[in-house]
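So you can see what is in the structure, the chains are spelled out below.
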Amino acid sequence: MSTRLVVETREIDPVEDLLAYADPARPLAWLRRGDGIVAVGDGVVETVRVPAGISDLRSAAISTAWRDLSEDAEIHDELGLPGTGLVAFGALTFDEDSAADSVLIVPTLVIGRSHGRTWLTSIRSSSSDAAPDATTHEYGPHWAGTVGPGAQSPQGYQDSVSQALARIAAGELSKVVLARDLTGSIPAGSDLRRLVRALSTGYPDTWAFAVDGLIGASPETLVTVQQRTVTARVLAGTIGRGADADADTVASAHLASSTKDLDEHEYAVQSVLASLRPHTRALAASEQPFLLKLPNLFHLATDVEGELADGGSSLDLVGALHPTAAVAGTPTPAAIAAIRELEPFDRGRYAGPVGWVDAAGNGEWAIALRCAQFSPAATEIAVTAYAGAGIVAGSDPESELLETRVKFRPLVDALA
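Taking an unreviewed UniProt entry as the reference, the chain is identified by name as isochorismate synthase belonging to Microbacterium phyllosphaerae. On record in UniProt, under Catalytic activity (unreviewed entry), the comment for the chain is "chorismate = isochorismate". Quoted verbatim from the Sequence similarities (unreviewed entry) heading of the UniProt record, the comment on the chain is "Belongs to the isochorismate synthase family."

(A) Representation of the overall build of the chain within the structure. Regarding its fold elements, the chain presents eight helices and 23 strands. Its C-alpha atoms give the chain a radius of gyration of 21 Å, near enough to 22 Å, the size a compact globule of 416 residues would have. If you line up the chain on its principal axes, its C-alpha atoms span 60 × 50 × 45 Å. Side chains of the chain carry 31 positive and 54 negative charges; the gap between the two charge centres is 2 Å.

(B) The arrangement of the packing of aromatic side chains in detail. In total, this model carries three aromatic pairs according to the counting rule given. Ring geometry for tryptophan 30 against tryptophan 207: centres 5.2 Å apart, planes inclined by 20 degrees, an arrangement best described as stacked. Residue tryptophan 30 is found in strand E2 (residues 29–32), and its partner tryptophan 207 is found in strand E12 (residues 207–211); the two are separated by 177 residues along the sequence. Side by side, tryptophan 30 and tryptophan 207 carry an identical accessibility label, which is buried. Plain terms: the ring middles of tyrosine 350 and tyrosine 386 are 5.1 Å apart, the flat faces sit at 20 degrees to each other, and that makes the pair stacked. Placement of tyrosine 350 in the loop between helix H7 (332–342) and strand E20 (353–358) and of tyrosine 386 in strand E23 (residues 380–392) is noted, with a sequence separation of 36 residues between them.

(C) Representation of the environment of glutamate 172. Along the polypeptide, glutamate 172 turns up in the loop between helix H2 (154–169) and strand E11 (175–187). The exposure class assigned to glutamate 172 is partly exposed, which follows from its relative accessible area of 47%. Along the sequence, glutamate 172 and alanine 285 sit 113 residues apart, while their C-alpha atoms lie 28 Å from each other. Apart from the residues within four sequence positions on either side, glutamate 172 is in contact with Arg167, Pro331 and Ala334.

(D) Here's a closer look at the UniProt feature "domain: Chorismate-utilising enzyme C-terminal" (unreviewed entry) in the chain. Following the UniProt record, the feature "domain: Chorismate-utilising enzyme C-terminal" (unreviewed entry) maps to residues 154–407 here. The distance separating the terminal C-alpha atoms of residues 154–407 is 14 Å; by composition the span is 34% helix and 37% strand.

(E) Examining the packing of helix H3 (residues 193–202) against helix H8 (residues 397–415) more closely. Put simply, H3 and H8 touch, their axes get as near as 9 Å, and they point 135 degrees apart. It follows from the interaxial angle that H3 and H8 lie oblique. You can see that H3 and H8 cross each other, and the crossing is right-handed. Mapping the contact onto sequence places Leu195, Ala198 and Leu199 in H3 and Pro410, Leu411, Ala414 and Leu415 in H8.

(F) Representation of the side chain of aspartate 358 in the model. Among the structural elements, aspartate 358 can be located in strand E20. Summary of buried charges: aspartate 358 has no salt-bridge partner, and the nearest side chain of opposite charge, arginine 228, is 8.9 Å away. With residues near it in sequence (within four places) discarded, aspartate 358 still touches Trp66, Leu81, Pro82, Gly83, Thr84, Leu86 and Val87.

(G) Summary view of helix H4 (residues 245–257). Its 13 residues place the ends of H4 18 Å apart at the C-alpha level, agreeing with the 18 Å of an ideal helix rising 1.5 Å per residue. Of the residues making up H4, those classed as buried are Asp248, Ala251, Ser252 and Leu255. Buried residues of H4, seen end-on, are gathered within an arc of 95 degrees and therefore sit on one face of the element. Within H4, the exposed residues directed more than 90 degrees away from the buried face are Asp246, Thr249, Val250 and Ser257. Backbone nitrogen of aspartate 246 and a side-chain oxygen of the N-cap are separated by 3.2 Å at the start of H4; the cap is aspartate 244.

(H) Structural view of the environment of alanine 368. Examined against the element boundaries, alanine 368 turns out to sit in the loop between strand E21 (363–367) and strand E22 (371–376). For the pair alanine 368 and proline 353, spaced 15 residues apart in sequence, the C-alpha separation works out to 6.0 Å. With residues near it in sequence (within four places) discarded, alanine 368 still touches Phe209, Leu214, Arg349, Tyr350, Ala351, Gly352 and Val354.

The rules behind each value
Residue positions within a chain follow its written sequence, with the count starting from 1. In keeping with the model being predicted, local features are shown solely for residues with a pLDDT of at least 70 and side-chain atom pairs are shown and tallied solely at 80 or more, while totals for entire chains, interfaces and linings include all residues. Think of the side-chain values as coming from all heavy atoms in the structure, minus any hydrogens and water. UniProt positions are given in the numbering used here, feature names are shortened, and annotations may be inferred rather than shown by experiment. A helix here means a DSSP run of H or I that spans at least four residues, while a strand means a run of E at least two residues long, and both kinds are numbered starting from the N terminus. We compute the radius of gyration from the C-alpha atoms alone; for a globule the expected value is 2.2 Å times N to the 0.38, where N is the number of residues. Counting rule for charge: Lys and Arg are taken as positive, Asp and Glu as negative, and neither His nor the chain ends is counted. For the purpose of locating charges, the reference atoms are NZ of Lys, CZ of Arg, CG of Asp and CD of Glu. Note on aromatic pairs: the rings of Phe, Tyr and Trp (six-membered ring only in Trp) are paired at centre separations within 6.5 Å, and the planes decide the class, stacked below 30 degrees, edge-to-face beyond 60, tilted for the rest. Residue burial is assigned from relative accessible area. The probe radius is 1.4 Å, only protein chains are included, and a residue is buried under 20% of its type maximum, exposed over 50%, and partly exposed in between. Contacts are assigned to residue pairs with any non-hydrogen atoms lying within 4.5 Å of each other. Only C-alpha atoms enter the line fits that serve as axes; for helices the fit covers just the stretch in contact. Angles between N-to-C directions range over 0 to 180 degrees. By definition in this entry, angles of less than 35 degrees are roughly parallel, angles greater than 145 are roughly antiparallel, angles of 65 to 115 are roughly perpendicular, and the rest are oblique. Here a crossing is taken to be left-handed if its near helix is turned anticlockwise relative to the far helix by less than a right angle, and right-handed if that turn runs clockwise. The salt bridge definition used is simple: a Lys or Arg side-chain nitrogen within 4 Å of an Asp or Glu carboxyl oxygen. Multiplying 1.5 Å by the residue count of a helix minus one yields the expected span of that helix. Taken from the helix axis, the directions to the C-beta atoms give the arc we talk about. Polar contact criterion, stated in full: a pair of N or O atoms within 3.5 Å, where within protein one must be able to donate a hydrogen and the other to accept it, and residues adjacent in sequence count only if both atoms are side-chain atoms.

In structure tokens, the structure reads:
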């Protein structure tokens, strides 16, 4: 690790639009209902980047690096809230074997807001000068992108679902989550904050995020730690919203009574509970799932809560939880093996953990869903978007393809 970090957080006057401070080309942001944290400009004081092959368990390598960085830091924090003081944004790969990097980024300046309080944090190495002032950036012009079928065609996806169903029937696994991709481009120089803002305002109950070119709006919390209280929300089982109130009622009733979806949901809940138990005390989950209503679909959802049992951080829980049955399958090793064989692309950070962690171990981590990876090239910015569906006994290939179309909609609409 480099020189020790010096961190100062102070309360500031309220700020209306946190995203106005972000770098247009490389925003670092985490937002929900207007609250959250945003890196000011493009200054970065430390990056922990773990590529494939460096570690068998990249989340553990990142967690250890963060602990070392935090323990050595000199922190002056007059607020003492989750997300103040030393903080980093993170995006980890779905699969340990992915060619993409898992990354933890510590910005030079962070502006944050929570429960009516706004703050500014400066982070610098002990050998460097004070951080620059926080300034806003005017939003660039509107832009539009185009995406179409990627490595996995619609027919190819249905074929993969059929192959997965054969494996399930043979008893190799109970569930597997299969994704497909859309690829395309947006104009070079596009202000990516516009996409973050569109997702954040259009889907206010999701976590809108931008970390190292990964941008999306996830409805699924992986884990949250606030002052030692651990919470997680499990989503599995999905149906599209109806065209009107009556159709909505029919759709929600169908989901709530669907044996296939209830079984899929229970797999996911048990996966999360089993992973959290070694790290928590007084862990509990609601007995029955509830219906989570989003603008375009319904999910079956269960909330889990407990207390952090050891000196761990939210990053340690991320490593213990990921991948859940909600994004991989059951049993996990067999599901990961099937995903590697049946998906003709590397997921990268899609369906991996994305979020933030602070020096006290607090953090908010979602599963990177409803998202796309943006990669600048010479004349344009390449875009790869992803969406998946859980395959269990009784799944229908055409229905699962339609589910991915529903899940693509938030991002495709925002890109257009």
